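# Summary of structural features
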Number of protein chains: 2
Amino acid sequence: MAHHADFTNFQSNDRKESLELLLQHYEALSSEQDNWVANLSNASSLIWYAYHSLNVPVNWSGFYITASEGQLLLGPFQGKVACQSIEFGRGVCGKAASDQVTQVVPDVNKHPDHIACDGETKSEIVVPIVKEGKTLGVIDIDCLDLEGFGETDKQALERLAELIVKTCKF
Amino acid sequence: MAHHADFTNFQSNDRKESLELLLQHYEALSSEQDNWVANLSNASSLIWYAYHSLNVPVNWSGFYITASEGQLLLGPFQGKVACQSIEFGRGVCGKAASDQVTQVVPDVNKHPDHIACDGETKSEIVVPIVKEGKTLGVIDIDCLDLEGFGETDKQALERLAELIVKTCKF
């Protein structure tokens with residue numbers, strides 16, 4: 001690629017194909033880099049541009065990282081300013097972190113314990129990043145549409161979480 | 001504010017006023033938080049939305065952080081995927097880091113040692129973040145227009161760099 005920015009060109013209208021490209025681009029970018037801030041900053045950008053190239057109105061893509069026992073702290077992201085700190089068990093991110101299970105929320109306003117960083121968000125997916133039984137953090141993506149995410153996203157983003165575990169030193 | 005995302009609403013067409021608001025919002029967001037990743041992730045977002053509300057076509061806003069002696073690593077940012085590692089002295093970011101002087105570049109294509117992460121970038125400003133004589137990192141902003149940045153930006157962003165030194169633990 002001529003420029004690093006070209007990694008954010010996704011020339012496909014197929015969600016599965018674009019997310020596959022996202023994983024390939026993440027692997028290429030992290031092949032000689034294990035710094036988690038650098039890698040997750042680029043990963044946030046890849047996620048943002050992958051969904052936008054599919055015309056999915058993602059309004060936030062990024063990470064919360066386990067900073068201390070039971071506490072998530074805001075990591076690199078794309079989108080508007082967000083809540084800095086989330087306790088394990090609280091909200092969609094906290095539930096993914098404590099249960100270590102991907103949360104697909106088709107309508108955040110029907111979720112009993114949704115923490116709203118942005119009132120415009122309609123749906124959300126949160127994927128835990130788990131290494132040897134410990135939650136290192138979560139991938140968090142918000143969408144302005146209802147039912148923004150489904151099984152295809154879950155599968156691809158869980159693979160991204162595995163790649164992050166393999167490539168990043170936290 | 002009702003939601004954290006509201007911090008990215010800048011209701012002014014005056015550059016000096018919007019950048020003043022940016023500084024106030026950064027101070028509010030970092031008042032109870034000293035984690036540099038969380039604070040600089042939100043700062044990237046504030047910068048992005050402040051300039052976009054002024055219709056300045058900023059295509060990258062973020063940070064490079066001193067990771068080891070003479071080496072900058074990619075930090076939190078908004079925009080397309082970027083170069084992960086830059087040596088002190090190399091390119092506009094590296095020069096700001098080594099000289100500890102703000103670099104305002106009206107035309108990156110006329111700059112003798114510009115590192116192009118994105119071929120579309122036309123102008124750039126890089127502000128060093130310096131604590132007790134040591135460069136902690138740089139604020140880096142790219143624009144799709146020539147002469148995107150000037151004295152008003154330099155003054156405000158140098159104050160942001162000072163606030164970052166005061167509020168963040170690196």
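Residues numbered from 1 in each chain as written. Chains lettered and ligands numbered in written order. Predicted model: local features only at pLDDT ≥ 70, side-chain atom pairs only at ≥ 80, totals over all residues. Heavy atoms only, no water.

## Some points on the pattern of salt bridges
Residue and element names in this part refer to chain A. Across all of its chains, the model carries 12 salt bridges over all chains by this definition. Glu 20 is the partner of Arg 159 in a salt bridge, and the nearest nitrogen-oxygen pair spans 3.1 Å. One end of the pair, Arg 159, is in helix 4 (residues 151–167); the other, Glu 20, is in helix 1 (residues 15–30), and 139 residues separate them in sequence. Here Glu 20 falls in the partly exposed class, since its relative accessible area comes to 31%. A salt bridge links Asp 113 to Arg 90, with the nearest nitrogen and oxygen atoms 3.6 Å apart. Of the two residues, Asp 113 is situated in the loop between strand 4 (103–105) and strand 5 (123–131) and Arg 90 in the loop between strand 3 (85–87) and helix 3 (91–99); the sequence distance between them amounts to 23 residues. (Salt bridge = Lys/Arg side-chain N within 4 Å of Asp/Glu carboxyl O. Helix = DSSP H or I, 4+ residues; strand = E, 2+ residues; numbered from the N terminus. Buried < 20%, exposed > 50% of the residue type's maximum accessible area, 1.4 Å probe, protein only.)

## Remarks on the UniProt feature "domain: GAF" (unreviewed entry) in chain A
Per the UniProt record, the feature "domain: GAF" (unreviewed entry) sits at residues 60–164 of chain A. The span residues 60–164 of chain A is 22% helix and 41% strand, and its two end C-alpha atoms sit 19 Å from each other. (UniProt positions renumbered as here; feature names shortened; annotations may be inferred.)

## Considering helix 2 (residues 36–53) of chain A
All names here are of chain A. Taking 1.5 Å per residue, 18 residues should reach 26 Å; helix 2 reaches 25 Å between its end C-alpha atoms and fits that length. Counting buried positions over the 18 residues of helix 2 gives 16, a clear majority of the element. For helix 2, the N-terminal capping position is held by Asn 35, with its side-chain oxygen 3.0 Å away from the main-chain nitrogen of Val 37. Following helix 2 by one or two positions, Asn 55 adopts a phi angle in the positive range, close to 60°. (Expected span 1.5 Å × (residues − 1). Polar contact = N/O pair within 3.5 Å; in protein donor to acceptor, adjacent residues only side chain to side chain.)

## Describing the layout of surface pockets
Within this model, the largest pocket holds a volume of roughly 270 Å³. Lining the largest pocket are 14 residues, and of these Thr 66, Phe 88, Lys 134, Thr 135 and Leu 136 of chain B lie nearest its centre. Of all the secondary-structure elements, those providing two or more residues to the lining of the largest pocket are strand 1 (58–68), helix 3 (91–99) and strand 6 (134–143) of chain B. Counted by class, the lining of the largest pocket contains six nonpolar, six polar and two charged residues. Taken together, Ile 65, Thr 66, Ser 68, Glu 69, Gly 70, Phe 88, Gln 100, Lys 134, Thr 135, Leu 136 and Phe 170 of chain A make up the full set of residues lining the second largest pocket. Listed by contribution, the elements that provide at least two residues to the lining of the second largest pocket are strand 1 (58–68) and strand 6 (134–143) of chain A. Among the residues making up the lining of the second largest pocket, the classes are represented as four nonpolar, five polar and two charged. (1 Å grid on protein atoms, 1.4 Å probe; cavity = no way out; pocket = protein on both sides within 12 Å on 5 of 7 lines; lining within 4 Å. Points joined across faces, edges and corners; volume = space filled by probe spheres on them. Nonpolar A, V, L, I, M, F, W, Y, C, P; charged D, E, K, R; others polar.)

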